[in-house]
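Understanding the architecture of this molecule
Here is what each chain is made of, one letter per residue.
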Amino acid sequence: MKLANYLNLNNRPIQLSLYLNRTESFREIIHSHQGIELLYVHEGAGRVVIEQQLIDIVPGTLLCFRPYQLHHVRMNTGQGQSYIRSMFLFEPSTLSQYLTPFPSIYQFLLYIWKDPYAVQVIRHPNKEEADRLLQNYNFRLTDQSSQDATEENALLLISFLHYLKPIWESQSKAHAHPSMTVSAHITAMLQWIEEHYASEFQLSELAQAVHLSPNHVSYLFRKETGSSLTEYLTARRMKQACLLLRTSSLTVQEIGSRVGFDNFSYFCQLFKKKMGITPLQYRSQRG
């Protein structure tokens with residue numbers, strides 16, 4: 001399992017990858033990023049871990065991941081199972097500059113960006129319509145020149161947000177809840193990690209909190225989420241470290257300590273292994 005964090009939104013603040021067949025190239029990644037990700041599934045089935053929940057993914061599912069929100073997408077790509085998706089990854093503060101003439105779309109952006117109670121998963125009521133729209137967007141992207149990439153991407157993204165707004169509002173008003181596949185035990189485990197990730201991890205303490213044996217906790221967590229407890233815990237700590245590196249003036253050593261690493265050298269080594277660059281290099285990229 002690899003942990004990743006998209007680092008290049010400062011240089012390319014609006015990135016589109018539409019109607020892409022990921023069946024052969026898909027790999028599971030526990031990740032977060034500085035911007036918003038809109039992920040639409042054209043074909044494929046799986047699960048996503050988001051906000052201490054496990055949610056089923058089916059064709060027509062659209063997911064919204066907020067900045068620095070840890071998530072883990074698992075797709076079934078075995079024999080005879082395909083995965084085709086469209087993805088919009090963008091820095092919301094950059095997009096907001098384009099939305100001055102569109103106040104209602106700007107309010108919708110603020111909703112999915114900053115409202116802690118915003119619906120983050122919807123089921124599109126007309127998958128064929130969404131498929132046609134995103135295929136058309138993809139044709140336009142193929143024809144664009146590198147000089148107008150940011151502007152064209154922004155226009156397509158604004159158009160997509162305008163298209164999504166009434167669908168999202170309709171499902172929000174109906175209090176739509178995606179199909180939940182998670183047991184109470186997994187919910188409790190994810191919540192416990194959220195509350196204790198900055199402390200020294202003790203499997204026995206987690207097992208006691210959820211009233212299961214340590215072996216069963218490890219087995220059930222991997223079975224339901226697709227990652228080990230250690231992988232998920234590391235991802236949660238790295239997510240917080242990235243956030244603090246970008247938003248605080250704390251030293252790297254202080255940040256390591258705050259996210260559960262008392263050994264400063266080990267924190268730096270692990271950060272570079274997981275993120276591909278050192279904590280100081282990561283901090284230098286903030287805009």
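The structure under discussion appears in the preceding block.
These notes cover the structure that comes with them.

Calculation rules
- Residues numbered from 1 in each chain as written.
- Predicted model: local features only at pLDDT ≥ 70, side-chain atom pairs only at ≥ 80, totals over all residues.
- Heavy atoms only, no water.
- Buried < 20%, exposed > 50% of the residue type's maximum accessible area, 1.4 Å probe, protein only.
- Helix = DSSP H or I, 4+ residues; strand = E, 2+ residues; numbered from the N terminus.
- Pairing = 2+ DSSP bridges.
- Core = buried A, V, L, I, M, F, W, Y, C linked by side-chain atoms within 4.5 Å.
- Contact = heavy atoms within 4.5 Å.
- Phe/Tyr/Trp six-rings, centres within 6.5 Å; stacked < 30°, edge-to-face > 60°.
- Lys NZ or Arg CZ within 6 Å of the ring centre and 35° of its normal.

Judged by how many residues are buried, strand β9 (residues 84-90) sits mostly within the fold: seven of seven residues are covered. Of the two faces of β9, the one lined by Ile84, Ser86, Phe88 and Phe90 and the one lined by Arg85, Met87 and Leu89 are each fully buried. Note: strand β2 (residues 14-21) against β9, six bridges, orientation antiparallel. Bridged to serine 17 within β9 is methionine 87.

With that out of the way, let us pick up the nonpolar core. Grouped together as the largest cluster of nonpolar side chains are 34 residues, with contacts concentrated most on Leu38, Phe88, Phe90, Leu95, Phe160 and Trp168. Among the elements of the structure, β2, β4 (36-43), β7 (61-65), β9, α2 (103-114), α3 (127-143) and α4 (149-173) are those that each provide at least two residues to this core. Element by element, the count of residues in this core is highest for α4, at ten residues. When sequence neighbours within four positions are dropped, the list of residues in contact with phenylalanine 160 reads Leu38, Leu62, Phe88, Leu133, Leu134 and Tyr137.

Another aspect to go through is the packing of aromatic side chains. One pass over the structure, following the stated rule, counts twelve aromatic pairs. A centroid spacing of 6.0 Å and a plane angle of 70 degrees characterise the contact between tryptophan 192 and phenylalanine 201, whose relative ring orientation is edge-to-face. Taking relative accessible area as the criterion, phenylalanine 201 reaches 26% and is therefore assigned partly exposed. Between phenylalanine 221 and tyrosine 232, the aromatic rings sit 5.8 Å apart at their centres with planes inclined by 65 degrees, giving edge-to-face as the arrangement. Separated by eleven residues along the polypeptide, phenylalanine 221 in helix α7 (residues 214-225) and tyrosine 232 in helix α8 (residues 229-247) bring together distant segments of the chain. Joined through ring pairs, the aromatic side chains of Phe261, Tyr266, Phe267, Phe271 and Tyr282 make up one cluster. Over the aromatic face of phenylalanine 261 sits the side chain of arginine 237, whose NZ or CZ is 5.2 Å from the ring centroid.

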